[in-house]
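Chains, contacts and geometry: an overview
These are the residues of each chain, in order.
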Amino acid sequence: MEFATLLHLLQNPPEVVGSLWGEALLPKRGLTLFHSSSKMGKSMLSVNLALAGARGLTSFLGQPLNGPFTTLILQSEIHLRGVYDRVDTMVKAMATHEGITEEHLSRVYINLERASRLSEDATFLEFQELLRTIKPDFLILDPLAHVLTSSENDNAIVGAMLERLGLLRDDPGCAIMLIHHDSKPTEGTSMRAPRQRARGADRLNADPDCILSLEPGARLATGPSGKLHVASRYGKSVAPFSIRLNEETLWFEQHVERGDPAAIAIWVAQFPKGQCSEEELITKIETEWGLHDPRQHRTAHKYIDTALEFNFIIQVVEGEAVHFHVKKEPTS
């Protein structure tokens, strides 16, 4: 064990770790838990993310990507033919737009057999050696329950597994995403915060560097939708944002729902000189989101407060006049 004074630390700052996705949604040497209820498309979204990174796209779902990067997927739920069918559909859809090359596809690895329990000593050591050879930037374990040999409700067992995964973050060094399921909703759990709905041991809520919670949304004509909540140890707060699966392309897309602060920022930017009065913004919100009942006037104010809280817009008060302008570059 080594210790140093705070003076030494300040004079010798450690290397900035950074993130593959967003400011801190996928820390490069961190652990991200991605959870939701069943049939929400967690596996599909993680493959989307891997392919977007392989292609070197600059953003995914409105959050910046730091690519190109290589991904290794260890999945245990979907039959290999099912994986093939999904990826084949996505690749064909991309080919009709921007395309994908063999080089891109060579940056994503996937296991050919489903029986891989990383909680077994021999299997873990073999897997670690494999990672040292391939050196992926991004590791997806899908789902967590299938890499354990016993209960996911036991803090000691889950904690030991998470500590093992912590070794992989540093050797060979990669961002790790655990795909996990929510508990079945009950009267007692329905009011929990999104990040507290993941089933299993408390360590799953305490240990990750980032938790991505996908909350179910309405069933749309273009596919299921949901709202992604972000809880991260690092970086600035990220406002929850809505996404939906395009069932034609099998790619997730951003979806603007009522109250989305990013949409409010876009509207403010569209006003002359990129600013508007409070009355103009309230009128715009009520018109766009159908808040025609006078009793819903407070709702428009609440949406503005959220956009202010997450720094999408800035409020300026001059005497009795209030106006807003954009702080962040909005994403359309």
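Residues numbered from 1 in each chain as written. Predicted model: local features only at pLDDT ≥ 70, side-chain atom pairs only at ≥ 80, totals over all residues. Heavy atoms only, no water.

This part takes up helix 6 (residues 155-173). Each α-helix turn comprises 3.6 residues. Residues three or four places apart therefore point the same way. Taken together, the buried positions of helix 6 are occupied by V158, G159, M161, L162, L165, G166, L168 and G173. For helix 6, the angular spread of the buried residues around the axis is 160°, confining them to a single face. Exposed positions of helix 6 whose direction lies more than 90 degrees from the buried face are A156, E163 and D170. Buried residues in helix 6 make contact with strand 1 (31-36), helix 5 (121-134), strand 6 (138-142), strand 7 (175-181) and helix 7 (203-206). Looking at where helix 6 begins, the residue whose side-chain oxygen comes 2.8 Å from the main-chain nitrogen of A156 is D154. (Buried < 20%, exposed > 50% of the residue type's maximum accessible area, 1.4 Å probe, protein only. Helix = DSSP H or I, 4+ residues; strand = E, 2+ residues; numbered from the N terminus. Arc of directions from axis to C-beta. Contact = heavy atoms within 4.5 Å. Polar contact = N/O pair within 3.5 Å; in protein donor to acceptor, adjacent residues only side chain to side chain.)

We now examine the pattern of salt bridges. Applying the stated criterion to the full structure yields 14 salt bridges. Between K92 and D88 there is a salt bridge, with the nearest N and O atoms lying 3.1 Å from each other. A residue pair is termed a helical-turn pair when its members lie 3 or 4 positions apart in one helix, as K92 and D88 do in helix 3 (residues 80-95) at 4 residues. The salt bridge involving E215 is made with R197; its shortest N-O contact spans 3.2 Å. One end of the pair, E215, is in strand 8 (residues 210-220); the other, R197, is in the loop between strand 7 and helix 7, with 18 residues separating them in the sequence. Residues joined in a network through salt bridges with shared partners are E129, R132 and D171. (Salt bridge = Lys/Arg side-chain N within 4 Å of Asp/Glu carboxyl O.)

With that settled, consider the confidence of the model for the protein. With 92% of its residues at a pLDDT of 70 or more, the protein shows a mean pLDDT of 85. Ranking the elements of the protein by mean pLDDT puts strand 8 last, at 80, and helix 1 (residues 6-11) first, at 95. Here residues 328-332 is a poorly scored stretch, pLDDT under 50, and it has 13 contacts once near neighbours within four places are set aside; other chains count. (pLDDT = per-residue confidence, 0-100.)

The tally for this structure, following the rule as stated, stands at 5 aromatic pairs. A ring pair is formed by W21 and F60, whose centres lie 5.5 Å apart and whose planes are at 50°; its orientation type is tilted. Placement of the pair is W21 in the loop between helix 1 and strand 1 and F60 in strand 2 (residues 59-60), with a sequence separation of 39 residues. Residue W21 is classed as buried on the basis of its relative accessible area, which comes to 0%. Residue F60 is classed as buried on the basis of its relative accessible area of 4%. Put simply, the rings of W21, F60 and W251 touch in pairs and so form one group of aromatic residues. (Phe/Tyr/Trp six-rings, centres within 6.5 Å; stacked < 30°, edge-to-face > 60°.)

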